[in-house]
Amino acid sequence: MKKNKIFIKSYGCQMNVYDSNRILDLFKNQDYEIADDPKDANLVVLNTCHIREKAAEKVYSDIGRINKIKKNKPRENFKIVVAGCVAQAEGEEIKSRAPSVDFIVGPQSYHKLPDMLKTKDSIMTDEFTQNEKFKNLLYNSAGGVSEFVSIQEGCDKFCSFCVVPYTRGPEFSRPVNEIIIEIQKYLNQGVKEIIFLGQNVNAYHGIGKDGKSKDLAYLINKVSELEKLKRIRYMTSHPSDMRNSLIKVHKTNTKLMPFLHLPVQSGSDKVLKDMNRKHDVYFYKKIVEQLRNERPDIALSSDFIVGYPGESDRDFDDTMKFVNDINFVIAYSFIYSQRPGTPAQKKDNIPISEKKARLSALQSLLKQQQKNYNKSFVGQKMEILFEKKGRHKDQYIGRSVYNQSVFTKSESNLINKITNAKIISSTNFSLESSV
Ligand code: SAM
Ligand code: SF4
């Protein structure tokens, strides 16, 4: 029996989920097991997100709740750690606003956390030592069918609304060989699908065996040689890094799923310029056209920000028109949130009621597109990879090649199986199949 218990909560993006799994690996390798509730733990790690104000503020209310648990525990036997991007951006502020926090560790330093707990150093941020971090992590599958693999981190693009270049540091790509070793470990543990992660995953330029820089298309083709690997996905991509080689791989590589998350943020050239996005609407549409030429069924997803400083009614109308032109299968949309230290921070000038009205209009359009898309599969057969049990008896949940959630009933265990199943109904957010 292990002596200690760790509880970890992940906020925000998949990169944080990946980091949280790596933190758990490090502690499971020591005298720790996982607690499902902070009350049962003696180490609580909050792996935080700084992308929007709401996400960052939630951390402080969670710390308040956890501090109540801490007060009922022996002082030496309960530690609170704030990790991730809020730790990186607000280290000193956390110390003064939340003195109950014992340790603060940034996203590029968490590999040092087990050692840090043995010292009196309470704060470790600033250093962007991605190379050292990845070399010091353990890579154990969380036990599922699908695993995230971080291949690229950080960003040099400096969109004027975004904190990522400040919290995650400059762009860094892991060497091809290290990535393959990590994937092989997961495959030997039963994983069938990997999802490459990066803040700008398609800017990947890791070093290959021959010492030369390799792009994402090369990496996809290389890992698809691994026989046990059945599916490959990648996210999040930036339009200006969508090279021809990558577009072509969508046609030639059968393990690469026909789904692409390609954030655009706005359908107005004026807003894109103000955002320092480095691409315009025409450029984005050209990429979509090329992708659809190579892989006509490719499913497209995106991110949008509404109410960016200076966004006029006309700019917003351009976004709605753009969505109508492209037809997304799913998309995420957010009200612009002012972030400290970013160039856009001081200009926020649109009333919140207007921002909310625009968000609601955009989301209903996107929801309608998603609903229509899902409906178009009813009656067809699709290849589904089943991942887990559902809430109901004999229910299983899987993913279609287009990344839709698919529910099905079966008396035999479907987990980890790839099956061709007939779609019998659809909702806004999912499909139902019979096997
Ligand atoms: N690198 C990706 C790209 O360039 O598209 C995006 C990564 S970011 C972690 C995820 C999404 O958060 C962005 O696409 C954007 O829509 C949203 N986001 C980032 N900063 C934001 C802000 N200040 N307010 C609202 N949404 C924001
Ligand atoms: Fe943020 Fe993406 Fe822009 Fe980089 S490219 S600054 S991660 S939105």
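As a reminder, the structure under discussion sits directly above these lines.
Nothing here was measured: the structure is a model prediction, and the numbers come from that model. (Residues numbered from 1 in each chain as written. Chains lettered and ligands numbered in written order. Predicted model: local features only at pLDDT ≥ 70, side-chain atom pairs only at ≥ 80, totals over all residues. Heavy atoms only, no water.)

(A) Expanded view of the overall build of the chain. Looking only at helices and strands, the chain features 13 helices and 19 strands. The C-alpha radius of gyration computed for the chain amounts to 22 Å, which stays within 12% of the reference 22 Å derived for 435 residues, consistent with globular compactness. With the principal axes as the frame, the chain shows a C-alpha extent of 60 × 55 × 50 Å. Expressed as a percentage of its 435 residues, the buried residues of the chain come to 55%. In the chain, once contacts between residues fewer than 6 apart in sequence are set aside, the share between residues at least 24 apart is 71%. For the chain, the exposed surface amounts to about 19,700 Å²; the carbon and sulfur share of it is 50%. (Helix = DSSP H or I, 4+ residues; strand = E, 2+ residues; numbered from the N terminus. Rg over C-alpha atoms; globule rule 2.2 N^0.38 Å. Buried < 20%, exposed > 50% of the residue type's maximum accessible area, 1.4 Å probe, protein only. Contact = heavy atoms within 4.5 Å. Areas by Shrake-Rupley, 256 points an atom, 1.4 Å probe, with all protein chains shown as cover.)

(B) Geometry of the site of ligand 2. Cys 155, Lys 157, Phe 158, Cys 159, Phe 161, Cys 162, Val 164, Pro 165, Asn 200, His 238 and Arg 277 make up every residue found near ligand 2. Considering only residue class, the shell around ligand 2 consists of seven nonpolar, two polar and two charged. (Near = heavy atom within 4 Å. Nonpolar A, V, L, I, M, F, W, Y, C, P; charged D, E, K, R; others polar.)

(C) A look at the packing of helix H11 (residues 281–294) against helix H12 (residues 313–326). Taken N-terminus to C-terminus, the directions of H11 and H12 make an angle of 10 degrees; their axes are 12 Å apart at the nearest point. Classed by the angle they form, the pair H11 and H12 counts as roughly parallel. Two secondary-structure elements touch here, H11 through Val 281, Tyr 284, Lys 285, Val 288 and Arg 292 and H12 through Phe 322, Asp 325 and Ile 326. (Axes fitted to C-alpha atoms, helices over the stretch in contact; angles between N-to-C directions. Parallel < 35°, antiparallel > 145°, perpendicular 65-115°, else oblique.)

(D) Spotlight on the nonpolar core. Counting residues in each nonpolar core, the largest one holds 78 residues, and the members touching the most others are Phe 196, Leu 216 and Tyr 234. In contact with Tyr 234, other than residues within four places in its own chain, are Ile 195, Phe 196, Val 201, Leu 216, Ile 220, Met 242, Leu 246, His 250, Leu 256 and Leu 260. Of all hydrophobic cores here, the second largest spans 22 residues; its members include Ala 35, Ala 41, Val 44 and Val 101. (Core = buried A, V, L, I, M, F, W, Y, C linked by side-chain atoms within 4.5 Å.)

(E) Inspection of the site of ligand 1 at higher detail. Looking at ligand 1, there are 17 residues lining it, with Gln 199, Gln 265, Arg 277, Asp 303 and Ser 337 nearest. Here a nitrogen atom of ligand 1 and a backbone polar atom of Gln 199 are 2.7 Å apart. In the model, a nitrogen atom of ligand 1 is placed 2.8 Å from a nitrogen or oxygen of the Ser 337 main chain. When ligand 1 sits alone it has 570 Å² of accessible area, and the protein chains cover 90% of it. Secondary-structure elements contributing two or more residues to the shell around ligand 1 are strand S13 (299–306) and strand S14 (330–335). When the residues that make up the shell around ligand 1 are grouped by side-chain class, the tally is seven nonpolar, six polar and four charged. (Polar contact = N/O pair within 3.5 Å; in protein donor to acceptor, adjacent residues only side chain to side chain.)

(F) Up close: unusual backbone geometry. Following Met 235, the chain continues into Thr 236 via a peptide bond in cis, with omega recorded as 0 degrees. The topology assignment puts Thr 236 in the loop between strand S11 (231–235) and helix H9 (244–252). For Lys 278, which is not a glycine, the phi torsion comes out positive at approximately 70 degrees. Here Lys 278 lies in the loop between helix H10 (269–274) and H11. Overall, the relative accessible area of 48% leaves Lys 278 in the partly exposed class. Although it is not a glycine, Asn 403 adopts a positive phi angle of roughly 75 degrees. If you trace the backbone, Asn 403 turns up in the loop between strand S16 (395–400) and strand S17 (405–409).

(G) Molecular detail of the sheet that holds strand S7 (residues 146–150). Ordered in space as S7-S10-S11, the three strands form an open sheet in which the pairing is parallel. If you trace the sheet from one side to the other, it starts and ends with S7 and S11, each paired once. When the angles between neighbouring strand axes are averaged without regard to direction, this sheet yields 25 degrees. As paired elements, strand S10 (residues 193–197) and S11 share five bridges and run parallel to each other. (Pairing = 2+ DSSP bridges.)

(H) Looking closely at helix H1 (residues 14–28). For H1, spanning 15 residues, the distance from its first C-alpha to its last is 21 Å, which sits close to the expected 21 Å at 1.5 Å a residue. Of the residues making up H1, those classed as buried are Met 15, Asn 16, Tyr 18, Asp 19, Ser 20, Asn 21, Arg 22, Ile 23, Leu 24, Asp 25, Leu 26 and Phe 27. (Expected span 1.5 Å × (residues − 1).)

(I) Spatial organisation of the sheet that holds strand S4 (residues 79–83). Pairing within the open sheet is parallel, and its six strands lie in the order S2-S1-S3-S4-S5-S6. If you trace the sheet from one side to the other, it starts and ends with strand S2 (32–34) and strand S6 (123–124), each paired once. Relative to S6, strand S5 (residues 103–105) runs parallel, the two sharing two bridges. In the strand pairing of S6, Ile 104 is matched with Ile 123. Sheet contacts for helix H2 (residues 53–71): strand S1 (4–10), strand S3 (43–48) and S4; angle to S3, the most-contacted strand, approximately 175 degrees. Here helix H3 (residues 84–97) sits on the sheet and contacts S3, S4, S5 and S6; the angle it forms with S5, its principal contact strand, is near 140 degrees.

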